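# Observations on the model geometry
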Amino acid sequence: MVPIAYYLILAAVLFSIGVCAFLIKRNVITIFMSIELMLNAVNLTFVAFAHMWHRIEGQIFVFFVMVVAAAEAAVGLAIIIALFRARQTLNVDQVNLMKD
Amino acid sequence: MELALFIIFGLLAVAGALNLLLQHHPINSALSLVVVMMSLAVLYWSLGAEFLAAAQVIVYSGAVMVLFVFVIMLLNAGEEDTSPSSRFSRAATIAGFPGAAAILCLLTFVFLSERDHLGGSPIGGYLTGAVNNIEVLSHTLFTSLLLPFEVTSILILVAILGAVVLARKEQ
Amino acid sequence: MNDTLLWLIPILPFAGFLVNGTLGRKLPRALVSTVALLATLLPALIVLKLWIFMKSAGAPDHFTLSGAPWIAISGFQVNFAFAIDHLTLVMLGIVTGVGFLIHVYSVGYMAEEEGYWRFFAYLNLFMFFMLVLVLASSFLLMFVGWEGVGLASYLLIGFYFKRDSAVNAGKKAFIVNRIGDFGFLLAMFLLIAHFGSLDFAKVFGQVDAAPGLTGGFLTAICLLLFVGATGKSAQIPLYIWLPDAMEGPTPVSALIHAATMVTAGVYMVARCHVLFDRSPFALAVVAIIGCATAFFAATIGMVQHDIKRVLAYSTISQLGYMFLACGVAAYEAGIFHLMTHAFFKALLFLAAGSVIHAMGGEQDMRKMGGLRKRIPITFYTMSAGVFAITGVPPFAAFFSKDEILYQTFLRGGTLGYALWFVGLVTAGITSFYMFRLWYKTFFGEPRFDEAALAHGHGGHDEDLAPVHAHRGSHATMVAEPEHDSGQAARSHGVHESPAVMWVPLAILAVLSLIGGWVGVPLAFGGHNEFEHFLGPVFNPAEHVAGHITARGPEFVLALTSLLAVAIGWYFAYVFYYRKPGTAAALAKRFKPLYNLLDHKYWVDEIYGRLIVSPLLGFSRVVLGGLVDGLIIQGTGATLGGSTRGLGWLTRRMQSGNIRSYAGWLALGAAAVIAIVLFVVHPASANSLTR
């Protein structure tokens, strides 16, 4: 018997690591990957709660999150490709044409 | 025994996440992320979500991460630039770390304080009737949540079109 | 008596004001005058009808005319209502009668002025407010009239608004009046607190029903009311606006500052006699201040050179007499003198206006002289006024002033005798300065240049060369003439006024002669109908005993005052007719005393130093600097500044750098989670059980 709380804490840890990576990393693809990591952590939370309450809606939500994440990954990477073509760099600090 | 399973794959997931954080080359980060996804799949299975575990492996690690790797290879992304960051990036670090830490602490605090209420999780099938996970999932998905299901298919269509348009070479 | 007619009494002048005020600019002068004159004549006729009604057998002594409710809060109610009794009748007669005559006179006097319509509009407005004041049945409605006449006075004093001195005089009048009004207001508050009502009938009824009620808060109320009266009726210490008010056109001085508005204070004290009777201290204060003012103003009037200033100080002095009368609880005598004073003072001012008109705008008596033969009608009418005011029998003021002095003497006690003596001396001084005016203006050799006059010396105020431009309230020894009326420069020297001007003069002169005959006391074989007429108002039974007099004492006292008048006349005759240089020589001999009088006891300067300057300093530094600059503007500036600062801060978030966005995102997310977990759904209360 694993207390549900442990799953939730694990998810929280993964989420925080994702946030850290999101903030520290400079490569735009790595940042994108950290977003995926955060999404996964949330998925784990949903599944844990679904298990706890014996309801299927949690898992269905995860299903939808996966679908959307996949779509988002596709579009996001396309944008990154376009960005690379325009700026020839993947360094996020140099994507600053909107600075004042 | 469930505990051992949880600890091993939990640690594996955390290790993979940390590796993603600490690696310099994006390809290493991508492969660590794959490790994370796989361990998460095992954890899903231990929580009685067999279908999701399979979906995680097939969709997430099998398709999304592969896409990431392809893009990294396409763009020939090199090692990360370690030059001193600009003022704003420093601001991000300064603001962000406490933020991340705060989130972590908050969530942990909540979950730990509610530990007793949350109860435990016997491994495997969550319904005493041992009904098939897929059966229940698909039943709900195609009856009460049919509309969202169909909408997501349109969403995927839109995403495909978007990706094609955005990634096209300038003619 | 038809109620509607009575409401029309004040409404008609108001309608005149509206018509002339809004349309007057475009109307021809004849129409403006007609409207204004009708607006005063018709009320006068209605008053006449009312008079006949009230004197007829079976008419009530007093009645109220109720109108719409004004304020009705729990227990406290004030209505728009008129109260008419014999006192009101007397006042109504004076206001409408004398008012109408002055309106007629103004048609001639102001004929050449620009702003003709404005003048008559304001004059009608004044009539309206004065009538409201007189007719009011409650303190509050009286206060409306009170304030309103102050407003009209301000508008009219400052009629020549292009002249600084006139504008300043108007402001001074209004502000000083305000100070008095403050006292009135406080008195009203006390009345509400103690009697729960502002209605005359109710308040006086409550006081009547409590025979033991004396002193204490009643004294406070009376003193505060008297403060209001000193402001409106120019007594010490608030008389300073009246001499300056001579900047207005002469008809204004006649109507407002002689006959009607300044008498409002006396009327108010008489109306509230029920309250004053219960407070001997307040009565004593009224009497002392009245007498002191009478003496004080008379002494200043002795040395004034401007003909209108002399009359202004004489007004203050005569008002002092009226208050003296009220102060010894001889209210009928006070109102009697009010009536006779209205006649002769209006006459004097209008005649002075006629003189000024004849002199082409000259007001300095040192430049007049020998006008007796040139402007005979003015001379005869003005003489009637002079004889009246000095108290020469059988003219009006002999009876009224004598009645006052007699009542003061009757009151007895050291105060009574002292006041009587000062009043006597003042009568002598009054005689002196009025005859001085008479001699200097009409007798002797002309001291003006006929030729210069023929070429239009003096003129519109706009024509004044800058060297004549103005000084505030000081009549300096080297007084440059203060040209009042913009009389058009006539090219034919000294001339008599037109009929429209001298006919009212004649009527007033006749009234000055016979006006006192309604109050001839028993001592001289009369029946004193006036006193009887006001009897129901003042309930003589409660008054000083000995009211119905024996012949002896009153006769003797009358002779004494006649003696004082004769002495004053004699001195004036010697100084200004027989040996014209005497006055100047005396002035040199007693230079300090002369200076004191000439500078009006330096009162204006004292007020300026003691009161005005500190207030001005306080306003500039504290209110202007601190409150306005720091607090009010500071608040505005702080708000604006802080918004700007906040904007500057938040702008730094929009850096264009993605990672800083990420940082803010993380911070924000943490904050939201914290709020949701701990504020919106406190985690401890959350039940996560199934």
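Residues numbered from 1 in each chain as written. Chains lettered and ligands numbered in written order. Predicted model: local features only at pLDDT ≥ 70, side-chain atom pairs only at ≥ 80, totals over all residues.

### Details of the overall build of chain B
Across its full length, chain B holds seven helices and one strand. Mapped from its N terminus to its C terminus, chain B presents α and β elements in the order α-α-α-α-α-β-α-α. With 171 residues in all, chain B has 30% of them scored as buried. Sequence separation of 24 or more characterises 57% of the internal contacts of chain B that already satisfy a separation of 6 or more. (Helix = DSSP H or I, 4+ residues; strand = E, 2+ residues; numbered from the N terminus. Buried ≥ 20, exposed ≤ 12 C-beta atoms within 10 Å, placed from the backbone. Contact = placed C-beta atoms within 7 Å.)

### Some points on the overall build of chain C
Counting its regular elements, chain C contains 27 helices and two strands. By the burial criterion, 50% of the 690 residues in chain C qualify as buried. Relative to all contacts within chain C whose residues are 6 or more apart in sequence, the contacts with residues 24 or more apart total 81%.

### Observations concerning the confidence of the model for chain B
Per-residue pLDDT for chain B averages 83, and the proportion of residues at 70 or more is 80%. When the elements of chain B are averaged for pLDDT, strand β1 (residues 120–121) of chain B gives the smallest value, 63, and helix α2 (residues 26–46) of chain B the largest, 93. (pLDDT = per-residue confidence, 0-100.)

### Topic: the nonpolar core
Core analysis: the biggest nonpolar cluster contains 203 residues, and C:F126, C:A346 and C:L347 have the highest contact counts within it. Looking at this core element by element, the count peaks at 19 residues for helix α15 (residues 331–358) of chain C. Not counting residues up to four positions away in its chain, the partners in contact with C:F126 are C:V149, C:A152, C:L156 and C:I256. Counting 88 residues, the second largest nonpolar core, distinct from the first, contains A:F46, A:L77, A:I80 and B:A41. (Core = buried A, V, L, I, M, F, W, Y, C linked by C-beta atoms within 7 Å.)

### A closer look at the pairing of strand β2 (residues 76–84) of chain C
Residue and element names in this part refer to chain C. Alignment of strand β1 (residues 63–73) against β2, held across eight bridges, turns out to be antiparallel. Note on β2: the bridge partner recorded for A72 is Q77. What sits between β1 and β2 in their antiparallel hairpin is a turn of two residues, with G75 showing a positive phi close to 85°. (Pairing = 2+ DSSP bridges.)

### Let's talk about the interface of chain A and chain B
Opposite the 62 residues of chain A that make contact, chain B presents 75 residues. If you list the elements that add at least two residues to the side of chain A that touches chain B, you get β1 (2–3), α1 (4–24), α2 (28–53) and α3 (57–87) of chain A. At 20 residues, the largest contribution of residues to the side of chain A that touches chain B is made by α3(A).

### Quick word on the packing of helix α3 (residues 86–109) of chain C against helix α20 (residues 499–514) of chain C
Residues and elements named next belong to chain C. One way to put it is that α3 packs onto α20 with a least axis distance of 7 Å and a crossing angle of 155°. In terms of orientation, α3 lies roughly antiparallel with respect to α20. Here α3 and α20 pass one another in a crossing that is left-handed. Each of L101, I102, V104, Y105, V107, G108 and Y109 in α3 lies in contact with α20, whose residues at this interface are V500, M501, P504, I507 and L508. Along the lines of polarity and charge, the residues of the contact of α3 with α20 split into 11 nonpolar, one polar and no charged. (Axes fitted to C-alpha atoms, helices over the stretch in contact; angles between N-to-C directions. Parallel < 35°, antiparallel > 145°, perpendicular 65-115°, else oblique. Left-handed = near helix turned anticlockwise from the far one by under 90°. Nonpolar A, V, L, I, M, F, W, Y, C, P; charged D, E, K, R; others polar.)

### Quick look at unusual backbone geometry
Working note: non-glycine residues mostly have negative phi, and peptide bonds are mostly trans. The omega torsion across C:I236 and C:P237 is 0°, close enough to zero to call that bond cis. For C:P237, the position within the fold is in the loop between α8 (217–232) and α9 (241–244). Positive phi outside glycine occurs at A:H54, with the angle close to 50°. Mapped onto the elements of the fold, A:H54 is located in the loop between α2 and α3.

### Considerations on helix α14 (residues 307–327) of chain C
Think of an α-helix as 3.6 residues a turn; residues three or four steps apart then line up on the same face. All names here are of chain C. Its 21 residues give α14 an end-to-end C-alpha distance of 30 Å, which sits within 8% of 30 Å, the value for a rise of 1.5 Å per residue. Extensive coverage of α14 is indicated by the burial of 21 of its 21 residues. At the exit of α14 stands A329, carrying a positive phi of roughly 65°. (Expected span 1.5 Å × (residues − 1).)

### Remarks on the environment of C:L191
Residues and elements named next belong to chain C. Mapped onto the elements of the fold, L191 is located in helix α6 (residues 164–195). In this structure, the C-alpha to C-alpha distance between L191 and F217, residues 26 residues apart in sequence, is 9.2 Å. With residues near it in sequence (within four places) discarded, L191 still touches F139, L198, V203 and I221.

### Observations regarding the packing of α15(C) against helix α16 (residues 376–390) of chain C
Two packed helices can be described by the angle between their axes and the distance between those axes. Residues and elements named next belong to chain C. Between α15 and α16, the least distance of the axes is 9 Å, while the angle of their chain directions is 145°. Crossing geometry of α15 relative to α16 is assigned as left-handed. Note on element contacts: α16 touches α15 through T378, T381, M382, A384, G385, A388 and I389, opposite F344, L347, L348, A351, S354, V355 and A358. When its residues are assigned to classes, the contact of α15 with α16 shows 10 nonpolar, four polar and no charged.

### A look at the confidence of the model for chain C
Residue and element names in this part refer to chain C. The predicted model of chain C has a mean per-residue pLDDT of 80, with 86% of residues at 70 or higher. Under a pLDDT of 50 for its full length, residues 455–492 has, in the predicted model, 72 contacts with residues more than four places off or in other chains. When the criterion is pLDDT under 50, residues 685–690 qualifies, and its contacts beyond four places in sequence or with other chains add up to six contacts. The ipTM for the predicted assembly is 0.89, set against a pTM of 0.66.

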